[in-house]
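Below, each chain spelled out in residue letters.
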Amino acid sequence: MRTLSLIAAAFALTALPALAKGPECKWARTWEDALAEAKARNVPIHVTFHKDN
Amino acid sequence: MDSSVYANKDFVAASKRWVNVYCSKDSMHGTEKVGDQEMCKLHPGIKCEDHIACNQSAGGLYFKGSFGAPATVWCMPDGKEIGKHQGGMASKQVIEKMAEAEKACGPGLDQDAYDFLLGKTEAGDKAANDGKQKEAVEAYTAIVKTMGKNPAAKSWVEKAQAGLDRQVELAKGQIEEAVKLKDSGDFAKAKEMLKAVQVSFKGQPVAKEADKAMADVTAAEKAAKK
C-alpha cells in the first residue's frame, strides 16, 4: 500500500505538471516561414519579444 | 505573458486566425524532450534556436537599439508594422489589437482551413502525378465543395478546380478509348475502363457520360453474342 502511495506521489510530481500544460498557440519556426504562411493565408502576423527573467 | 496569455484558451482559439512569431535571444529557461527532440521548455512547439533566430530576423525590424521586453508587434502579412506595444499585455488586449490587424488585411484563412487546403492540395497533386485518379478527384472535390464559398480560399479553389478539370479531361479520353475498344469487340477492357471512371467520378457529370457509354457497351456485347 505504501509502495503504491509512493508511486502515485512520484507520478503526481513528474507527470501531472506536463499533463496540466494545455494547448498553446502555434509558433512559426522561422521569420521566413511566418512571412510565407501569412502571405498564403492573407492573415496578420503577431510578433512577440521576450527575455528570460 | 508566457503562461497568462499564450496558453489562455481564448487566446489559443483566436491565434488560429494569425501567424504567431515568438522572439527571444535567451535560452536559460532550458529545454525539454518531446519525442526525440530537445524543444524549448517555455514553448515546446518550437526549439530555442527557432526563437533565437526569429529574434535575430525580426528584432531589428521594429525596434532600434535596446527595448523593453515583453513587447508585441502586430503587422500585415508582408511584415509591415501596423502597431506595437512595449510592456505586458493581457490576452484580451492582444486579441483586440490582432482583430484590428485582421480588418486591415481583409478575408484570411484560419489555421484549420489553411492546414486543410495545404493537405488536400498536396494529396491531390501527388495522387494526380501517381496516376491515382480516384484519390486525386476526391482531394480536389473536397476543396471545391468545402471551401467554394470562402472568399479567402479563392485561389486555392481555382487551383483545385483546374486539377479536377484535368482529371475530367483524362476521363473523357478514357471514355473515347473505351468506345474504340467496344467497336473492336474488346468489351471486357472497355467495361473495365468505364467502371474506373464511374467509380472515380461518382456523382459528377462525366460519370453520367461513362454510364451512357457502359450501356452502349453492354448492348453491343449482347448483340455480338446473338
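Here the residue numbering is sequential within each chain, running from 1 through the sequence in written order. Going through the entries in the order they are written, you letter the chains from A and number the ligands from 1. Restriction of local features to residues with pLDDT of at least 70 applies here, the model being predicted, together with a cutoff of 80 or more for giving and counting side-chain atom pairs; totals for whole chains, interfaces and linings are based on all residues.

(A) Structural detail: the overall build of chain B. Only DSSP runs of H or I covering at least 4 residues are called helices, and only runs of E covering at least 2 are called strands; the numbering of each starts at the N terminus. Counting its regular elements, chain B contains eight helices and five strands. Walking chain B from its N terminus toward its C terminus, one meets helices and strands in the order α-β-β-β-α-β-β-α-α-α-α-α-α. We compute the radius of gyration over the C-alpha atoms and compare it with the globule rule, which gives 2.2 Å times the number of residues raised to the power 0.38. Computed over the C-alpha atoms, the radius of gyration of chain B is 27 Å, more than 25% above the 17 Å expected from 2.2 N^0.38 for a compact globule of 226 residues. Principal-axis analysis of the C-alpha atoms places the extent of chain B at approximately 90 × 40 × 30 Å. Here the contact rule is simple: place C-beta atoms from the backbone, and any two residues whose C-beta atoms are within 7 Å are in contact. Pairs at least 24 residues apart make up 48% of the contacts formed inside chain B by residues separated by at least 6 positions.

(B) How the structure looks around the sheet that holds strand β1 (residues 45-50) of chain A. Here the rule is simple: two strands pair whenever DSSP picks up at least two bridges between them. Across the sheet, which stays open at both edges, the four strands sit in the order β1(B)-β1(A)-β4(B)-β5(B) with mixed pairing between neighbours. Single-partner strands in this sheet number two, and they are β1 (19-24) and β5 (81-86) of chain B. This sheet shows a mean twist of 15° between the axes of neighbouring strands, independent of strand direction. Here strand β4 (residues 71-75) of chain B pairs with β5(B) via five bridges, running antiparallel. Looking across to β5(B), one finds that Ala71(B) is bridged to Gln86(B). Helix α2 (residues 31-41) of chain A rests against β1 of chain A together with β1 of chain B of the sheet, and its axis sits at about 165° to β1(B). To obtain each axis, a line is fitted to C-alpha atoms, and for helices this fit is confined to the stretch in contact; angles are then taken between N-to-C directions over 0 to 180 degrees.

(C) Summary view of the environment of His29(B). Following the sequence through the fold, His29(B) ends up in the loop between β1 and β2 (31-34). Spatially, the C-alpha atom of His29(B) lies 6.5 Å from that of Lys41(B), the residues being 12 residues apart in sequence. Ignoring sequence-local partners within four residues, the contact set of His29(B) consists of Asp52(A), Lys41(B) and Leu42(B).

(D) Focus on the interface of chain A and chain B. Counting from both sides, the interface comprises 27 residues of chain A and, opposite them, 49 residues of chain B. For the side of chain A that touches chain B, the element with the highest residue contribution is α2(A), accounting for seven residues. Residues are grouped as follows: Ala, Val, Leu, Ile, Met, Phe, Trp, Tyr, Cys and Pro are nonpolar; Asp, Glu, Lys and Arg are charged; all remaining types, including Gly, are polar. In the side of chain A that touches chain B, the residues fall into 13 nonpolar, six polar and eight charged. In the sheet, β1(A) pairs with β1(B) via six bridges, with the strands oriented parallel. Directly across from Phe49(A), in β1(B), lies its bridge partner Cys23(B).

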